[in-house]
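Single-letter residue listing:
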Amino acid sequence: MASVAAWLPFARAAAIGWVPLAKNPLPPPPFRTPTHGVSPSSPSTSTTSVTATTVGERRCDEKIIINVSGRRFECWRSTLEKYPDSLLGSNEKEFFYDEDTREYFFDRDPDVFRVILNFYRTGKLHYPKHECIAAYDEELAFFGILPDIIGDCCYEDYRDRKRENTERLIDDRLHEDEDKIQPKPQSIRETMWRAFENPQVSTMASVFYYVTGFFIAVSVIANVLDTVACGPDPETGYPRSCGERFARQFFCLDTACVMIFTVEYFLRLYAAPDRLKFVRSVMSVIDVVAIMPYYIGLFMNQKGEVSGAFVTLRVFRVFRIFKFSRHSQGLRVLGYTLKSCASELGFLLFSLTMAIIIFATVIYYAEKSVVHTKFTSIPAAFWYTIVTMTTLGYGDMVPKTWAGKLVGGVCSLSGVLVIALPVPVIVSNFSRIYHQSQRADKMKAQRKARQTRIRLARNATSNAFVAAKKHREQHADDANSPADKNLVNPFELQHHHLLQCLELTTDREFVEMGPDALMNSGGRTSFTAGTNNMTGLSRFGSPSSRLLLNRRRWWCCGVRTRGKNSYKYSTDRANNNNNLNTDGNELDAELDDFQLPLALTPRASTTLLPQSTSTNVIQPQSTPIVGSSLQHDVVLHSNADEPLLPAGDRFDLNHPLDPEYRSLLSRKANSLSTVYEHGSGQDAALGYPTFLYAQKRTLMNKKHYHSECHVGNSPIVMLLVLTYMPYIVTQSILYLL
Amino acid sequence: MDEYSSSVCYTDFDDDGLETFKRYKPRSLDELASRTKFSKKEIQLIYQGFKQECPSGIVNEETFKHIYGQFFPFADTSSYAHLVFATFDLRASGCVTFEDFLLCLSTLCRGSIEDRLRWIFTLYDTKKSGKLTQEDFYVTIRAVYSLLGNVSSPRYDLDTIREHTASVFQRFDKLHHGYITMQDFMSFCLSDQTMVQSIDGLRTTV
């Protein structure tokens, strides 16, 4: 991510557009930028001489050294030139040539580079299975190699992983869109629809959700109990079912349930954005099928159980149980699996049918000669075949001849095989889809936390600037300041100078952001006079109207902390922070994007006060952290694994860094595996973002996470509603009848 | 699943998913060194940074905005980045190649003061009409303010921006034509010493 620093000159150059607009004159540059006496002619003369020699050298094959993040690869030039369209094969690699060491330096992953270099050597591109697909793709893109030349041996694996990754990205984007585009609902219809789809949105929605679930259960249980024997009929002495004995009560219950279902159905129909589509959807059909029998039964005459149609209608009542699929995600997953495995199921069915017909025919003809045989026809033999193939073996039909027994044996063996074949496919499909849905839920929960972290990191950048400014003002007349300037990172200096120019152009000042601003901030602001309303949606913010809800969600749904690769705990730290888990890696990845100014700031700032131990805030891992300010302890993401690029080299060839500082930097980079920072008031002057880090830590400390937070005191409300509502409904019906 | 079956959506993915990416690589380093005012080493550094962010060798507007966003926390960089992108995109193709980028950067970092003023004029001239009106100034100033984000104090609003526009436009439009041509712009800026110094102050060592 140090490449962002490489774009700073561009950002600064583009900033000259502000100059004519500036209200105040802009500050002088942070350090003397020498006028570049490099005339256009001199580089070219030197290069022409170089090219003269290199052209001569290129005639015969020479070994070239490629240094990828420290690992040196050597190969013949002709090997690389086999593929002139790629980076290594063309003269694009000259951009990476280091004159001093006479090698090509690439700041990339050496492991993947090995694979890429092998491609040049052997002509086959392999995909290492342990590699992340996104990282691999990035490397391929960097070196200009198209992925579709991956060899056959690794191609399938690559495609599968790529497909999974893309699916995941699509899912993420979909959910991001879902989260983002939630403007305030315009009408009652929209509110209702959202309540129906997402029961966690409000208390009312949850209540409705649980009430309907309860009534579905009640209805199904009533259907079942309807048929249980309840004691003998006083008149005829025959046992009769509960349905007959308590006919009126069951009827009331049924009416109550159907009323609720009807109301629910019409409400959904009203709220649906696209009514036609809703009517054709599966859940709607199930709803209709669940309640129609009742109404049809009402309009028909009460003939008792005589008419077959009436009985059929009763049977349809059991479809109410499918309404549970709105309540249960597992059921939906199952349904979706079956739908997506339609081809496998079809194959299973087809092959079974084929086998059944074959075996039934054979056994019919085999048993035809037996007297009083049960195998009266081929369709009659179907039953035997099915029972045998599924290894049920009821024993109501048994072959008596030896031929029949033989056929029966073969039948049962083949049955096992045919059924066992498609089942694993279905199971794996189910597993994949189920895990997908689990992951989607988890991601939704973590997304909000992730966005907070991103916002925190950005916050820290701006706060670093403000703090540095304050420090500069405070120490403006301090004799030490020129020395300090030498030690502070030139990138940071120039970046701060850029921000200063912006301030002066617009005659405003950057301020430190408080914790409230965490929730308010984002990209776009609306320009209402004097207020800081956030209308519209930024990339990370949410409308202020939903702030309250979101705030609650954040502070009750914390994030699991993680990063066993990034954090190594000293013992003291472990004792203090036994709350922290060490799994999951998203925090680092997120902060990676924004870590450049951040990581450089503290590291550079360590050298500001190398001697003062009283407020020395960054210590290497070996020394334990003592002090009363431990509660402000903050963990920064450390990218100490990457070598810290000596910033001077990158930015100012004519203004070399103090070699002492440079060695200090590199030592720090190599020794530190965790960067700690005490936060306290006076440290703000030294340029450390303070209390925000403490906040970040609080967030990170929360160990638990759950996918959805229930709002408010809903359980109690729900309990009350559940106990009283059915009672009220049934009583009212009984009263009416 | 259809939207009526609640939140989780599954997609079936078939095997045509490989995106083709355009890859662009610049011509030789020597040629670039001769055409621009950078030394070879500087071009190497710039290219390494460029390639890290845009491995395909082409920047599009999205990436531009993202990069700008790294430098200005909490800013909505889309408007200013759009303006800058328009000046870099010499062929109005929506993509900036490394060569375009380097040429513009060379003008901006190492060019003469006139070249830079000319670039600023192009930046403001959003409609490419050759003349700057108050509308152009308004758009640009608004873009610059949006770089602040909402972390500034005192806060600003549309009125502030309009005032600022009006005052700046008054300063430039001495003859009250209602528009400013390139000549006027250049002569005005060159006569203002502070402006020249400020522009020089934004040189960066690469």
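Predicted model, so just to flag it, every value in this text is computed and none were measured. Within every chain, residues take consecutive numbers counted from 1 along the sequence as written. Chain letters and ligand numbers both follow the written order, the letters beginning at A and the numbers at 1. Predicted model: local features are reported for residues with pLDDT of at least 70 only, side-chain atom pairs are reported and counted for 80 or more only, and whole-chain, interface and lining totals are derived from all residues. For the side-chain quantities, the full set of heavy atoms in the structure was used; hydrogens and water were omitted.

### So, the environment of Val370 of chain A
Residue and element names in this part refer to chain A.
For step 1, the next point in the chain: Comment: elements are numbered from the N terminus, with helices defined as DSSP H or I runs of at least four residues and strands as E runs of at least two. In this fold, Val370 is placed in the loop between helix H16 (342-367) and helix H17 (378-389).
For step 2, the next point in the chain: Once the C-alpha coordinates of Val370 and Pro399 are considered, the two residues, 29 residues apart in sequence, prove to be 9.0 Å apart.
For step 3, the next point in the chain: Any two residues whose heavy atoms approach within 4.5 Å at even a single point are treated as in contact. The contact partners of Val370, leaving out residues within four places of it in the chain, are Lys400 and Thr401.

### A few points about the side chain of Lys323 of chain A
For step 1, the next point in the chain: Checked against the element boundaries, Lys323 of chain A lands in the loop between helix H14 (308-316) and helix H15 (329-340).
For step 2, the next point in the chain: Dropping the residues within four chain positions of it, Lys323 of chain A is found in contact with Ile216, Phe261, Glu264, Met283, Ile286, Asp287 and Ala290 of chain A.

### What about helix H5 (residues 98-110) of chain B?
For step 1, the next point in the chain: What a helix is expected to span follows from its residue count: subtract one and scale by 1.5 Å. Between its terminal C-alpha atoms H5 of chain B stretches 17 Å, which fits the 18 Å expected from 13 residues at 1.5 Å a residue.
For step 2, the next point in the chain: Of all 13 residues in H5 of chain B, 11 are buried; the element is thus mostly enclosed.
For step 3, the next point in the chain: Using a 1.4 Å probe on the protein chains alone, a residue whose accessible area is under 20% of its type maximum counts as buried, one over 50% counts as exposed, and one in between counts as partly exposed. Within the span of H5 of chain B, buried status applies to Phe98, Glu99, Asp100, Phe101, Leu102, Cys104, Leu105, Ser106, Leu108, Cys109 and Arg110 of chain B.
For step 4, the next point in the chain: Buried-residue contacts for H5 of chain B involve helix H2 (8-14) of chain A together with helix H1 (29-35), helix H2 (40-53), helix H4 (78-88), strand S2 (95-97) and helix H6 (113-124) of chain B.

### Focus on the pattern of salt bridges
All names here are of chain A.
For step 1, the next point in the chain: What makes a salt bridge here is a side-chain nitrogen of Lys or Arg within 4 Å of a carboxyl oxygen of Asp or Glu, nothing more. Here the structure, examined in full by the defined rule, presents 24 salt bridges over all chains.
For step 2, the next point in the chain: Arg326 is paired through a salt bridge with Glu264; the nearest N and O atoms lie 3.7 Å apart. Separated by 62 residues along the polypeptide, Arg326 in the loop between H14 and H15 and Glu264 in helix H11 (residues 247-271) bring together distant segments of the chain. There is no split in this pair, since Arg326 and Glu264 are both buried.
For step 3, the next point in the chain: Each of Glu264, Arg268, Asp287, Lys323 and Arg326 takes part in a single network of salt bridges with overlapping partners.

### Here's the deal with the sheet that holds strand S2 (residues 71-76) of chain A
Residue and element names in this part refer to chain A.
For step 1, the next point in the chain: Two strands are counted as paired when DSSP detects at least two bridges linking them. The strand order S2-S1-S4-S3 describes an open sheet built from 4 strands, whose pairing is mixed. What marks the edges here is a single partner per strand, and that holds for S2 and strand S3 (97-98).
For step 2, the next point in the chain: Sheet topology places S3 next to strand S4 (residues 103-106); 2 bridges connect them, and they run antiparallel. Across the sheet, residue Tyr97 finds its bridge partner in S4, namely Tyr104.
For step 3, the next point in the chain: Sitting on the sheet, helix H5 (residues 110-122) touches strand S1 (63-68) and S2, and the angle it makes with S2 is about 5°. To obtain an axis, a line is fitted to C-alpha atoms, over the contacting stretch when the element is a helix, and the angle between two such axes runs from 0 to 180 degrees between their N-to-C directions.

### Looking at the pairing of S4 of chain A
All names here are of chain A.
For step 1, the next point in the chain: Where S1 and S4 come together, 3 bridges link them in parallel fashion. Note that in S4 the partner of Ile66 across the bridge is Tyr104.
For step 2, the next point in the chain: Turn length for the S3-S4 hairpin, with the two strands adjacent in sequence and antiparallel, is 4 residues, and the turn residue Arg102 shows positive phi of about 55°.

### Things to note about the UniProt feature "transmembrane region" (unreviewed entry) in chain A
Residue and element names in this part refer to chain A.
For step 1, the next point in the chain: Mapped onto this numbering, the UniProt entry gives "transmembrane region" (unreviewed entry) at residues 207-226, 246-267, 279-300, 345-366, 378-394, 406-427 and 716-736.
For step 2, the next point in the chain: Annotation note: span residues 279-300, helix share 91%, strand share 0%, distance between end C-alpha atoms 26 Å.
For step 3, the next point in the chain: As annotated, residues 345-366 has a helix share of 100% and a strand share of 0%, and its two end C-alpha atoms lie 31 Å apart. UniProt positions are given in the numbering used here, feature names are shortened, and annotations may be inferred rather than shown by experiment.

### Notes on the pairing of strand S5 (residues 229-232) of chain A
Residue and element names in this part refer to chain A.
For step 1, the next point in the chain: The pairing of S5 with strand S6 (residues 239-241) spans 2 bridges and is antiparallel. Counterpart to Pro232 in the pairing with S6 is Pro239.
For step 2, the next point in the chain: The turn joining S5 and S6, which pair antiparallel and follow one another in sequence, is formed by 6 residues; a positive phi near 85° is taken by Gly237.

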